[in-house]
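# Tertiary structure, described
Here is what each chain is made of, one letter per residue.
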Amino acid sequence: MPHRIEVGSTVPDTRAQVRKNKFGERIADVQVIDVYTVDKEFSGDDLNKIAEALSNPVLQAYAVDKAFEVADFDWAIETGFLPGVTDNIGTTSREIIQDLLGVKFEDREAVYSSQVTYVKGDISREEASDLGESMANPLIQKITVKSREEWDRDGGMDVQIPIVNLKHEPSITEVDLNISDEELTKLGKEGIANEDGSRRGPLALSLDYMRAIRDHFKELGRNPTDVELEALAQTWSEHCKHTIFASCMDDIKDGIYKHYIKRATNDIRAAKGDRDFCVSVFKDNSGGIVLDEDWIVTHKAETHNSPSALDPFGGAITGIVGVNRDTVGFGLGAKPIVNMYGYCFADPRDEKPLYKGDLPMLSPRRILEGVVEGVNVGGNCSGIPTPQGFMYFDDRYKGKPLVFVGTVGLIPSEVGGKPSWKKKAQVGDKVVVVGGRVGQDGIHGATFSSEVMDSGSPSAAVQIGDPITQKKFSDAIVKEARDLGLYNSITDNGAGGISCSVAEMAEECGGCYVDLDKVPLKYPGLDPWQIWISESQERMTLSVPEEKLVQFEELMRRRGVETTVIGEFTDSGKCEVKYKGEMAMELDLSFLHDGLPEKCLKTTYTKVAHDEPDNACPADLTDVMHDMISRLNTCSFDFVSHQYDHVILGGHCIGPLQGKGRVNNRTSVVMPVLGSYKGVAMSQALNPKYSDIDTYHMAACAIDTAIRNIISVGGTLDHLALLDNFCWCSSDEEERLGQLKDAARACYDYATAYGTPYISGKDSMFNDFKGRDHEGNQVRISVPPTLLISSIGVIDDVRECVTMEPKVAGDLIYILGETFDELGGSEYFDYLGFVGNKVPEVNVDKAISLYKAVERAHGLLASCESIGIGGLGVSLMRMAIASDLGMGIVLNSDVRADFLLFSESQSRFVVTVDPKKKAEFEAAMEGLPFGLIGKVREDKKFTIEKPEGEVIVDSDVSKLNDFYRKTFDKY
Amino acid sequence: MKPKVIVMTGYGINSEMETEFVFNEAGAEAESVHINDLIDGHKKLSDYQIMVFPGGFSYGDDTGSGNAYANKIKGNLWEDILKFIESDKLVAGICNGCQIVANLGLVPGFDGQYGKREIALRHNASARFQCRWVNLKAESEKCVWTRGIDMLHMPVAHGEGNFYAKDDVLDKLEAGDQVAFKYVKADGSPADGEFPVNPNGAARDIAGLCDPSGKVFVMMPHPERAPNFYNLDNWALLKEKAKREGLAVPEETPNMQVFRNAVSYFSQ
C-alpha cells in the first residue's frame, strides 16, 4: 500500500504568502502542504523516520497516512505530476529514503511529490480550478480540487500514484512504402499509422524525401522498419540537417551556409594567417577559440522556441541545460563557465487569448514568467553564472516566443598531451550512455520544431529538466574522466536522442551496432522506435575503449551517475540496431547522412514602402524621453538579473547590472581562469524591427552592434568571434527565403570586413503560429525575421576594462561616430506608431577606424556606452541612471532634436573623459567624427538644451530612475 | 605547515573550485573531495584540518535546501564529523554549505549539543532567488573566522537564506557572541530588515553564525566569489577615483581575511 506523508509549516510560510498575494483580495488565507507519496511498503516506525528526514523540525511538522492538520479553508487544490513527467523532488526523496534505511526501491516502486494548496475564500469550484491552473501546467501536471465538504467526507486528499502503465507489447513494425504519392505525403506529414488508425505524429518528411527513402528500400528489396523511418526523419529533419541553409538557393549552388557563413570564416582565417585564433569551428557541438597558450574558450547559442511556447518552464530549463551539454560535448569535454539568455516575447500586458484548436495558448506574461523561472532553476542549480542576457518585445512573438540560450565553456588546450578539441570514436569502442533514463518524453522534438505549430503538435514534446542529474555526470566527465583519458569521443544527446548522437559518432569510425533492449528505461512498454529517438534529457553518449571500461564505470558509480553500455562502434559502414535479437535498423551511414535529395530553393524579395511619421518635433521632449526609457525594449529588467546567479565560479568582472543605479548592461566580462586577468567579453545583438524594411541592413546592424559592444568594454577587433542564430518564419515562402538570403549575404560582407569569424551557429526556420484569436478569427502570426548575433572577445587584461557608467561629476561627455536620419524600424518610430524607411546602414570602413581609435584611447575613458536601441537619448539616460549623477547636454545641431536623440545610426559610442585628459583625448580622436556634447553634473539634474539655450529636456536622475524601473516593477 | 582543507563536493555542490582557490591563495593546501570518496574510504577526514561545505544546489534544494546532503552525512559520516570538531579543527559552511551545516545541527551547537537542529534557512522573504551585493559587519569576538574584520562587501546568491530561529534561540546566539556577521547599510548602520540591504529577510539581519567555540562557522554570503578587487561590483568606480587621486588600487579584497584567519589559526 502506498503511504502519504504530508509536511506543513509551523511558522509563517513565504511561499503561501506569495501565492496569497498572487491570488488576489478574494482569498483570505493560503496554506501550502508538501506531499510525498511513497509507493513502497514500510513499517510505521520507518515511515516516521522518513517523514523526519523529509522535514525540518525548526520550521515544519508532518503527518503520516492522514491529512496534515490545517487551519480553516474552503478549497483544497492538489497539484502533482502526470505519469512519466520527471519528478526531481520525488527522485531526491527516494535517494534520501534509500540512504536512511538502507533499502532499495525496486523497478515499479517510487516516491512522487505533490503539493496541496488550501485556500480560504468565497470562490466557485471553477475559480478554484483556475487558481490550480495558475500554479500548474495541465500539459505536465494534474490538478485535483476538493471542496471543504468533500475533503471532510474523504478525510483529506486521495492517494494518487502517477505511475506509467503502457499496456503494450513493444515491437518492431514494417512500414509499407509501396503506396501512392498521396499516401506517402500523408505518411510524411502525419506519421506512421498506429493499429487503431491514428497517427504517431509528424515525420516532417516532404514527398521528395519520402520518395528517396522508398527508392532506397526498393533497391534493398525490402520495406523499412518503423525504427528506420523514424530515425531517417530525425536525421533528415530541418532541425538536424539545416536543409534550408544547406540547399542550393537561386544562383547559390552551395547553399547560403557554405556560401556566406562558412566561407566568411574560411576567408577570415586565411587572411589572418598566424593570427588566426579559431580552434574548432562549426563541426563540433560548440565553436572554440584560443584564450591563451593553455586554454580554449567555447561558445554555443541555441533556441528552444516551440517547447517554451507550450511549457515555458520546462522548455526553458531543458533549453539551458541542453546548451550546457553542447559545452560538455565540445572536444573531449569543456566546462560550462557562463550561461546567457535572450528572450523575445509579446507584450506581457496583452491578455487577449490565442487558441490552437480549442486549447488556449499561454498568455505572454505566463510565458515570460515561466521562461525566466526555467533558466533560473536550470542555470542556478547547475552552478553556472548567467551574467549576460536581454529581453526584446514585439507583438509578433505572441504565437511563438523565441528563447535563446547560450553557454561559454573552458577547456585546456591539451588533455593528456594531445589537442583537447580533437576526438574520434575508435572501432571496438563501447557505445556508452550516461545520465538520465529514457521515457516517452520529447518524442518528435526535432521534427516538431521543423513544423508550424498547429493543433496537431504533441504535448509530449515538452519535459522537465533535471539539472542535478546532469551536474553529476558533467562534473564527473569534465573534472575527472576527461583528464584520466577514459574515453575517445563524446557527444550530446540532443534532438533525435541516441539515434542522432550514436549515428554522428559512428561517422568518426565508420559504423555502429546498438542493442536497444540495453537502454535503461524510465518505465516498461516503450517501442523500440521510441527508445531510439526519445529526447529524454540529461544524457550523453561516449565511446569508451574496452580496456578503460571498468575504470570508467567504477568512477561513474562513485559519482552517482548511471552508465550503460548499449553497443559498439564498428567499421561496417552501417548503423545496425537490434531489439531483442531482431533487426530494427540496418542502414548505410552514407544513406543516413547523405541520402537526402538535394533541393533547389527559389527566392524573391520585394521591398515594401512604409509610412513616415508626420508629426512635428515636440518643443519639449521631457515626456518623450521619460516614455522612451520606460519602453519594454529599453527599460530595466533587473528582476531577471537579480534572480540569476552571476557571481558563481569566482570570475565575475563586469556583471549584468552596472553602477549605483544598476542599469542592465549590454556586455559582460568574466575572468575564466582563477588567478589570471585574462578576460572574456560577451554580448548579443538583434534588430528584428529593421527586418520590416531591409534584412540585409538588419543583419549588418546586429553584427556591428555585437562587435561594438565588445569594443566598448575594452575588447579588440583582433580577437573577436561571432555566432549566428537565425530565427525565421514561413521558410517555405519565396519572400521569406529572399529576406533570409539577403541577411546571410550581409553576414558574409560584414564579418569579413571586420575580420570577425563565425565559430558556431544554429537556425530555427518555422516560427509561425496558426490558430484563432480571441474573437474566433483564423490568424497566422509569424515572428519578424530575427537574427541574433552573439559576440565573444578575448581581453588581454581585464584591469584595463571600462564600464558604461560615468564616474566623476564634471567629466566631459562626448559622442563618437556619426548620426544620420536613420529612424526606420527604430524604437522611436515604433513609439510613434510608424515603421519608416530609412533603416540604419553600417559604413564598415569608418566604423573600423573609429573602433581602432577607441581601442587605442581606452585608457583615457572614464566610461563608455555603446549606443543601441533607442539611440543617443536612451544611452544618455542609461548612463545617468547608472552613475546616479546628472548630465547637462547641449545639442549642437539643427537637425530636429527628436531625430537626433533617437536615431539608431550604428557605430557610435558615448564616452566620458576627465577634463584634464581633454587635449589628449581629442588628439587621439583627430580626424574621426566626434563631438563634445556636455558634462556630468553633480546636482543630479538631467537637462538637454539647444545651442541657443532653449531647454528641451528638463528632468533629474531620480525621475529617470523611476521611469526606467516602472514597467517591470511588479515582477 | 600548510593546513590541509577538505572542500566537500558532489550531488550538486557548485562552488568547490573557487573555494579551493581562495584557501590556496591564503596559504592552505585545499582539495575538493566527493562525499562518496569519504564514505567509501578513498579519503579520510582525519587527514585534514579544515572542512568546508561550499556553495551550490545540493540535490537541487529538493526537500529543503541542504537537507538531503545533510541526511547523507548523518547517515554515513556523522561520527567522523563529531570527532573532527572535537579535535580543535575548523569547519565552515558557505551558502548551500551553511544550509547543510544548519541541517546537521553543528550550529548553534549550544552546550555541545551538536546534531540538534535549532536554526533554519527559510525561503527568502521575496520568495525569489537573490543575487546581489551586500555589506556585512563582523559582530563576534570569539569567531575564529572573522578575527580582525570590521566590514566586508560581497555577493549573496541564494533562494533560501532567510535565517530563522525562535526568539529564545536568537537571544542565546546574541548573548553567546555567536553572531558572526550581520547585514548592514554601506555606512555600517543596521539593515533593520530593510530589503535589499538585508537581501532575504533574515531574523535580526543575521548573515553568519558560529558555534560556541567560534570554530564552526556558517555564512550565507560568498567571500570566495569576491577575493579579487576586479571581482567587485564597483571596482571600476573605485579604480577611476583612485586614479584621479594618484593612488594605486589593491589586487586583493578584505574578503580574503576570512580564509587567512582560518589558515593562521593553524600557524599560531
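Residues numbered from 1 in each chain as written. Chains lettered and ligands numbered in written order. Predicted model: local features only at pLDDT ≥ 70, side-chain atom pairs only at ≥ 80, totals over all residues. Heavy atoms only, no water.

### Considering the nonpolar core
- Leu 740, Tyr 754, Tyr 758 and Ile 792 of chain A are the most contacted members of the largest nonpolar core, which totals 115 residues.
- Among the elements that line this core, the one with the most residues is helix α23 (residues 695-713) of chain A, at 12 residues.
- Among the nonpolar cores identified, the runner-up in size contains 98 residues, and Leu 47 and Phe 105 of chain A together with Leu 38 and Tyr 59 of chain B belong to it. (Core = buried A, V, L, I, M, F, W, Y, C linked by side-chain atoms within 4.5 Å. Buried < 20%, exposed > 50% of the residue type's maximum accessible area, 1.4 Å probe, protein only. Helix = DSSP H or I, 4+ residues; strand = E, 2+ residues; numbered from the N terminus.)

### What about unusual backbone geometry?
- Residue Val 107 of chain B is joined to Pro 108 of chain B through a cis peptide bond whose omega torsion reads 5 degrees.
- Mapped onto the fold, Pro 108 of chain B is located in the loop between α5 (96-104) and β5 (120-122).
- Residues Phe 195 of chain B and Pro 196 of chain B are joined by a peptide bond in cis, for which omega reads 0 degrees.
- If you trace the backbone, Pro 196 of chain B turns up in the loop between β9 (179-184) and β10 (206-210).
- The phi dihedral of Asp 65 of chain A is positive, around 55 degrees, even though this residue is not glycine.

### As for helix α26 (residues 844-857) of chain A
Residue and element names in this part refer to chain A.
- Given a rise of 1.5 Å per residue, 14 residues ought to cover 20 Å, and the 20 Å separating the end C-alpha atoms of α26 matches this to within 8%.
- Buried residues of α26: Val 844, Ala 847, Ile 848, Leu 850, Tyr 851, Ala 853, Val 854 and Ala 857, and no others.
- Looking at the buried residues of α26, the elements they touch are α23, α24 (734-754), β36 (812-816), β37 (861-866), β39 (909-913) and α29 (918-924).
- With a side-chain oxygen positioned 3.3 Å from the backbone nitrogen of Asp 845, the residue opening α26 is Asn 843. (Expected span 1.5 Å × (residues − 1). Contact = heavy atoms within 4.5 Å. Polar contact = N/O pair within 3.5 Å; in protein donor to acceptor, adjacent residues only side chain to side chain.)

### Regarding the sheet that holds strand β41 (residues 941-945) of chain A
Residue and element names in this part refer to chain A.
- Spatially, β37-β39-β36-β40-β38-β41-β42 is the arrangement adopted by the seven strands of the open sheet, whose pairing is mixed. The sheet is open, and its two borders are formed by β37 and β42 (951-956), each paired with just one other strand. Strand-to-strand twist of the sheet, defined as the mean angle between neighbouring strand axes without regard to direction, takes the value 20 degrees.
- Sheet topology note: the β41/β42 ladder contains five bridges and is antiparallel. Within β42, the residue paired with Glu 945 across the bridge is Val 951.
- Its contacts with the sheet place α23 against β37 and β39, and it is angled at close to 170 degrees to β37. (Pairing = 2+ DSSP bridges. Axes fitted to C-alpha atoms, helices over the stretch in contact; angles between N-to-C directions.)

### Considerations on a positive patch on the surface
- Together, Lys 258, Lys 262, Lys 283 and Lys 422 of chain A line one region of the surface with positive charge.
- Here Lys 262 of chain A lies in helix α11 (residues 255-272). (Patch = residues over 30% accessible without salt bridge, like charges linked within 9 Å, V, L, I, M, F, W, Y side chains within 5 Å. Areas by Shrake-Rupley, 256 points an atom, 1.4 Å probe, with all protein chains shown as cover. Salt bridge = Lys/Arg side-chain N within 4 Å of Asp/Glu carboxyl O. Lys, Arg positive; Asp, Glu negative; His and termini not counted. Charge placed at Lys NZ, Arg CZ, Asp CG, Glu CD.)

### Things to note about the pattern of salt bridges
- One pass over the full model with this rule turns up 88 salt bridges over all chains.
- When the shortest N-O distance is used, the salt bridge between Arg 26 of chain A and Glu 127 of chain A registers 2.7 Å. Residue Arg 26 of chain A is found in the loop between α1 (14-23) and β2 (27-39), and its partner Glu 127 of chain A is found in helix α4 (residues 125-135); the two are separated by 101 residues along the sequence.
- Accessibility expressed as a relative area gives 48% for Arg 26 of chain A, which makes it partly exposed.
- A residue is classified by how much of its surface remains accessible, and Glu 127 of chain A, at 28% relative accessible area, is partly exposed.
- With a closest N to O distance of 3.0 Å, Arg 204 of chain B and Glu 174 of chain B form a salt bridge. With Arg 204 of chain B in the loop between β9 and β10 and Glu 174 of chain B in helix α6 (residues 167-175), this pair connects stretches of sequence that are 30 residues apart.
- Judged by its relative accessible area of 28%, Arg 204 of chain B is partly exposed.
- One salt-bridge network, in which partners are shared between bridges, spans Asp 72, Asp 74, Lys 120, Arg 148 and Asp 152 of chain A.

Just distances and angles here, no functional claims.
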